[in-house]
Amino acid sequence: MNHSMLSRKEFLKNATIGFAGLSLTPGVVNAQVSKGAAERKEEKLIEAGNYTLKNVRLETGFEYEDGEVVATKTALFSIEVANRKIRKISPNQSTAEAIDAKGLLMLPSFRDMHIHLDKTLYGENWQAVRKRTGGVKGMIALEQKILPEMLKNSTYKAEKLIELLQSKGTSFARSHVNIEPTSKLDSLKHLQNALENKKNGFGAELVAFPQHGVFYTDTVPYLKEAAKTDIDFIGGLDPYSIDGAIEKTIDFTVQLALDHNKGIDIHLHESGESGLRTVEYLIDKVIENPRLKEKTYLSHCFVLGKLDASKQEEIAERLGAAGIGIVSTIPFGGLIMPIPILLKHKVKIMTGNDSIIDHWNTFGTGSVLQKANLAAQLYGYTTEFDLSRILKLATAGPLPLNDQGVQQWPKVGDDANIVFIEASCSAEAVSRVSPVKSLIYQGNIVF
């Protein structure tokens, strides 16, 4: 097995499969498997955030042939962590008394940047999605009926969903949380309880999400109340088709964000003229209010996939200039988002699972690495260089090497939010059910 040269295609493939492994998260580890004293000691060190690793594989540069990147070079190192930050990176000391990473590849831990932790069925008995009627407004009516019951154990279910994300290498999420007249702020409070219970191994930023419309239901007073809390973003939902007015809804959202120093993250499913008008109006508002630059996002934004190529280029250039990011779940039915065009114009692209076993969808896996794998297939990313860049969808940005192949991660002082993956193109590794042997991050270990 040649660990010094990694196949990016097989890395994405194998790592995606491998994350189906057993999750040994704090609090449930002893219930799942008995461990020896040495292993328990290692777990305690990792949970405390003070430990040393040996035989850690890091990416060190690209290998070129005729000017083309054809492989990624790696080497083994020792890593010291103190107070959950990387304190020292040194040449490997294989005989040292330290936690053995066994030659696994260390990467930045993953970040799910669009999910709804507050309203999931995960952790309960299986329920398939029921037939929909009335589009999004029909789903709003359904939520108004079922949310009171769902809220009764929403903290528990959020915790179970967080554990699923952790088992896939994710240590951080941006979660939209319902703010509307049915839940009021209860959904937010329950999720905050779950996040407090999981704070040693998981972080999050929260979006106050008017799932039932800003004005379609009387959500304004609840959004104003939520904006006074420590949430991070003001959300939105299809201002034209739900609220019936693009300008009125966007103006309210922008002003609320400005008044409370929040970011903006708006769900935009509309793929026709109203979707394009919403994008263009939001661009104008951010340009008028530069405080919102690099703090404003459009989630989904399916209209971009419906535009002709020249219009896609135009809108992508404007989004990049305004500092508005796109949070995409990658494909949607037969719709393929123009992510390569957006990246060309320096638009920040992030991804997430969105729904995982809820009343909207049952297909979420919990793995953002799987999203990167899917994107690579959809956009024909087959070269070593392109495959190395698409990993940013799983990490929400950080990559071990920059575009020139210079190591930029990890650095001394970085947070020790890390993941270990076995990445090999050997026949032995491909044939194994779970090629990931060990995954360590934020006080959690996954085998």
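Residues numbered from 1 in each chain as written. Predicted model: local features only at pLDDT ≥ 70, side-chain atom pairs only at ≥ 80, totals over all residues. Heavy atoms only, no water.

*Asks:* Would you explain the packing of helix H5 (residues 154-167) against helix H6 (residues 186-197) in this entry?
*Replies:* Think of two packed helices as two axes; the pair is described by the angle between the axes and how far apart they sit. The contact between H5 and H6 brings their axes to 8 Å, and the two run at 45°. With respect to H6, the axis of H5 lies oblique. For the pair H5 and H6, the sense of crossing is right-handed. Contact residues: Ser154, Thr155, Ala158, Glu159 and Ile162 in H5; His190, Leu191, Asn193, Ala194, Leu195 and Asn197 in H6. A per-class count over the contact of H5 with H6 returns five nonpolar, five polar and one charged. (Axes fitted to C-alpha atoms, helices over the stretch in contact; angles between N-to-C directions. Helix = DSSP H or I, 4+ residues; strand = E, 2+ residues; numbered from the N terminus. Parallel < 35°, antiparallel > 145°, perpendicular 65-115°, else oblique. Left-handed = near helix turned anticlockwise from the far one by under 90°. Contact = heavy atoms within 4.5 Å. Nonpolar A, V, L, I, M, F, W, Y, C, P; charged D, E, K, R; others polar.)

*Asks:* How should the nonpolar core be read in this particular structure?
*Replies:* For soluble globular proteins, nonpolar side chains are generally found buried alongside one another. Among the nonpolar cores identified, the biggest contains 76 residues, and Val279, Leu298, Leu304, Leu319 and Ile326 are the most heavily contacted of them. Counting residues per element, this core draws most heavily on helix H9 (residues 246-260), at seven residues. Excluding residues within four positions of it along the chain, Leu319 makes contact with Val279, Ile283, Leu298, Leu304, Ile324, Ile326, Leu342 and Val347. (Core = buried A, V, L, I, M, F, W, Y, C linked by side-chain atoms within 4.5 Å. Buried < 20%, exposed > 50% of the residue type's maximum accessible area, 1.4 Å probe, protein only.)

*Asks:* Any chance you could explain the packing of aromatic side chains here in plain terms?
*Replies:* Each aromatic ring pair is specified by the distance between its two centres and by the angle formed by the two planes. Going through the model one piece at a time under the given rule, you end up with five aromatic pairs. Their ring planes at 75° and their centres at 6.0 Å tell us that Phe233 and Tyr297 sit as a pair that is edge-to-face. Here Phe233 is found in strand S11 (residues 233-237), whereas its partner Tyr297 is found in strand S13 (residues 296-300), with 64 residues between them in sequence. By relative accessible area, which is 7% here, Tyr297 ends up buried. Residues Tyr379 and Tyr381 carry aromatic rings whose centres are separated by 6.2 Å and whose planes lie at 50° to one another, so their mutual orientation is tilted. The two residues Tyr379 and Tyr381 agree in class, both being buried. Pairwise contacts between aromatic rings join Phe62, Tyr64 and Phe385 into one cluster. (Phe/Tyr/Trp six-rings, centres within 6.5 Å; stacked < 30°, edge-to-face > 60°.)

*Asks:* Mind showing me how you'd approach the side chain of Ser167 here?
*Replies:* With respect to the secondary-structure elements, Ser167 resides in helix H5. By relative accessible area, which is 6% here, Ser167 ends up buried. A polar side-chain atom of Ser167 sits 2.6 Å from the main-chain carbonyl oxygen of Leu164. (Polar contact = N/O pair within 3.5 Å; in protein donor to acceptor, adjacent residues only side chain to side chain.)

*Asks:* Looking at this structure, how should I read H5?
*Replies:* Residues that lie three or four places apart on an α-helix share one face, since the helix turns once every 3.6 residues. Under the 1.5 Å per step criterion, the end-to-end length of H5 is 20 Å for 14 residues, consistent within 8% with the ideal 20 Å. Counting buried positions over the 14 residues of H5 gives twelve, a clear majority of the element. Within the sequence span of H5, burial applies to Ser154, Thr155, Lys157, Ala158, Glu159, Leu161, Ile162, Glu163, Leu164, Leu165, Gln166 and Ser167. (Expected span 1.5 Å × (residues − 1).)

*Asks:* When you look at the sheet that holds strand S14 (residues 324-328) in this model, what are you seeing that I'm missing?
*Replies:* Whether parallel or antiparallel, the strands of a sheet pair through hydrogen bonds between backbone atoms. If you trace the eight strands from one edge of the open sheet to the other, you get S8-S9-S10-S11-S12-S13-S14-S17, paired in parallel fashion. Since the sheet does not close on itself, it has two edges, and those belong to strand S8 (110-115) and strand S17 (349-351), each with one partner. In this sheet, adjacent strand axes meet at a mean angle of 25° when their direction is disregarded. Pairing of S11 with strand S12 (residues 263-268) involves five bridges; the strand directions are parallel. In the sheet register, Phe233 faces S12, and the bridge partner there is Gly263. (Pairing = 2+ DSSP bridges.)

*Asks:* Looking at this structure, how should I read a negative patch on the surface?
*Replies:* Taken together, the side chains of Glu63, Glu65, Asp66 and Glu68 make up a negatively charged region of the molecular surface. Under the relative-accessibility criterion, Glu63 is labelled partly exposed at 31%. (Patch = residues over 30% accessible without salt bridge, like charges linked within 9 Å, V, L, I, M, F, W, Y side chains within 5 Å. Areas by Shrake-Rupley, 256 points an atom, 1.4 Å probe, with all protein chains shown as cover. Salt bridge = Lys/Arg side-chain N within 4 Å of Asp/Glu carboxyl O. Lys, Arg positive; Asp, Glu negative; His and termini not counted. Charge placed at Lys NZ, Arg CZ, Asp CG, Glu CD.)

*Asks:* I'm lost on H9 in this one. Help?
*Replies:* For H9, built from 15 residues, the straight-helix expectation of 21 Å at 1.5 Å per residue is met to within 8% by its first-to-last C-alpha distance of 22 Å. On the buried face of H9, the contacting elements are helix H7 (220-227), S11, helix H8 (239-243), S12 and helix H10 (273-288). At the C-terminal side of H9, Asn261 shows a positive phi close to 55°.

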